[in-house]
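Structural overview
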Amino acid sequence: MSIKGKHIVLGITGSIAAYKAASLARLLIREGAEVQVVITPSGKEFITPVTLSALTGKPVVSEFFTANDGTWHSHVDLGLWADLMLIAPATAATLGKMANGIADNMLITTYLSMKAAVMVAPAMDLDMFAHPSTTRNIEILKSYGNIIIEPAAGELASHLIGKGRMEEPEKIVERVRDFFGKQDSLSKKKVLITVGPTYEKIDPVRFIGNYSSGKMGFALAEECADRGAEVVLIAGPVSLSVSHPNIKRIDVESAEEMYQASISEFPTVDAAILCAAVADYRPQEQAKEKIKRKSDEMQISLVPNKDIAASLGEIKKEGQVMVGFALETNNEVENAIGKMKKKKLDYIVLNSLKDSGAGFRHDTNKVSILDESGNKTDFPLKSKTDVAKDIIDCCLGRKK
Ligand code: CTP
């Protein structure tokens, strides 16, 4: 994937590895990227801004103002200009400031204003890297969606041997290329995603529902949008929000409303991911008034809802990809394959309730993906964000 024309803010901090940032800037420029360096005051102790501005063809930004003419450097403008912010090297202090929003220099204010993705290549001595506070800060940055380029192991500037050395510039550029390749892999594609539970009304205050939180489907929607797809997210009642401008959200409540929205959107999409935990039945009658308690037993008659996945499978056209989910407690693989065939799905994602940390209401999930030919790929327990990446790589392709 070419990075030609991409706008990259290169953040440089006070580590001995800052000398490698010159090669990094040069490699990025050679591949056609536009590079704007933002350097911390201690970064300047390790590499001179003159070297960096000569390589990038742009004045290096370090302070909020240029001392001699009082020019104001706008971190907000940089946040909007960038297609990517790459902080390499990132010291332990910078990781800590990023994790905690301590905006005491131009680099951190730029980071906090950044609209684009952020990649971070830590560099420090092995003990600093191994310290629990560094580990915790990296975990926090990952939870913000920042991409961490793990340091390599080897001889460090201190002559100690261990993990902490900033990844080599060539390898970092490879990661940048992969990032942009992945980012565009679903461009011009439209994806429909159903998500969350459905609520089937019993009376004005009661419903039949389920524990689906919608987290898996929202992670899928964000990941598809990050890769350039236009996403139609048909969401049952969930308390989650979307931030990506490429996601059009349609809120529904009942299975019937989800069915209507899905049927009307499906003909225009390239792929549908049916992630919703749709109620199979609804009360035959919906009482107009609140049902009063009676002393004897009560019964509610249920009638079947439409099967959204199966209905879309019936009208599926050549080239449209359909991915379903199955949550099984017994004969998992056999049941999942049965559902895939019955609903004419191309893939089915199986999550087992037997795995702790997987399924409803968790932030993690453990899945296996089955394809039409019966091939099964098992994945370990991961965050739902990472599971979403695996599902999309596997089912919607990893085009570069
Ligand atoms: N599904 C759907 N509409 C329904 C029921 C299910 O679109 N009315 C979709 C789900 O979103 C999921 C797949 O079908 O992708 C399988 O859902 P699941 O509830 O496991 O399947 P059911 O066919 O309802 O089977 P079960 O008897 O196990 O509930």
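Residues numbered from 1 in each chain as written. Predicted model: local features only at pLDDT ≥ 70, side-chain atom pairs only at ≥ 80, totals over all residues. Heavy atoms only, no water.

The subject of this paragraph is the domain arrangement of the chain. Per the domain assignment, the segments making up the chain are domain 1 (7–182) and domain 2 (190–395). Computed over C-alpha atoms only, the centres of domain 1 and domain 2 are separated by 40 Å. (Domains from an automatic or database assignment.)

Strand order in this open sheet of five strands is β2-β1-β3-β4-β5, and the pairing throughout is parallel. Looking at strand neighbours, the two that pair on one side only are β2 (34–39) and β5 (147–148), the edges of this open sheet. (Pairing = 2+ DSSP bridges. Helix = DSSP H or I, 4+ residues; strand = E, 2+ residues; numbered from the N terminus.)

We now examine the site of the ligand. Taken together, Leu274, Ala276, Val278, Asp280, Lys306, Asp307, Ile308, Ala309, Gly324, Phe325, Lys339 and Lys343 make up the full set of residues adjacent to the ligand. Here a nitrogen atom of the ligand sits 3.5 Å away from a polar atom, N or O, in the side chain of Asp307. A distance of 2.8 Å separates an oxygen atom of the ligand from a polar atom in the backbone of Phe325. Isolated, the ligand exposes 560 Å² of accessible area, and the fraction of that covered by the protein chains is 78%. At the level of elements, α12 (308–315) and β16 (321–328) are the ones that each hand at least two residues to the shell around the ligand. Residue composition of the shell around the ligand, by class: six nonpolar, one polar and five charged. (Near = heavy atom within 4 Å. Polar contact = N/O pair within 3.5 Å; in protein donor to acceptor, adjacent residues only side chain to side chain. Areas by Shrake-Rupley, 256 points an atom, 1.4 Å probe, with all protein chains shown as cover. Nonpolar A, V, L, I, M, F, W, Y, C, P; charged D, E, K, R; others polar.)

In this section: the environment of Gly154. By the element assignment, Gly154 lies in strand β6 (residues 152–155). Exposure remark for Gly154: the relative accessible area of 15% places this residue in the buried category. For the pair Gly154 and Arg165, spaced eleven residues apart in sequence, the C-alpha to C-alpha distance is 6.8 Å. Aside from chain neighbours lying at most four places away, what touches Gly154 is Leu160, Ile161, Gly162 and Arg165. (Buried < 20%, exposed > 50% of the residue type's maximum accessible area, 1.4 Å probe, protein only. Contact = heavy atoms within 4.5 Å.)

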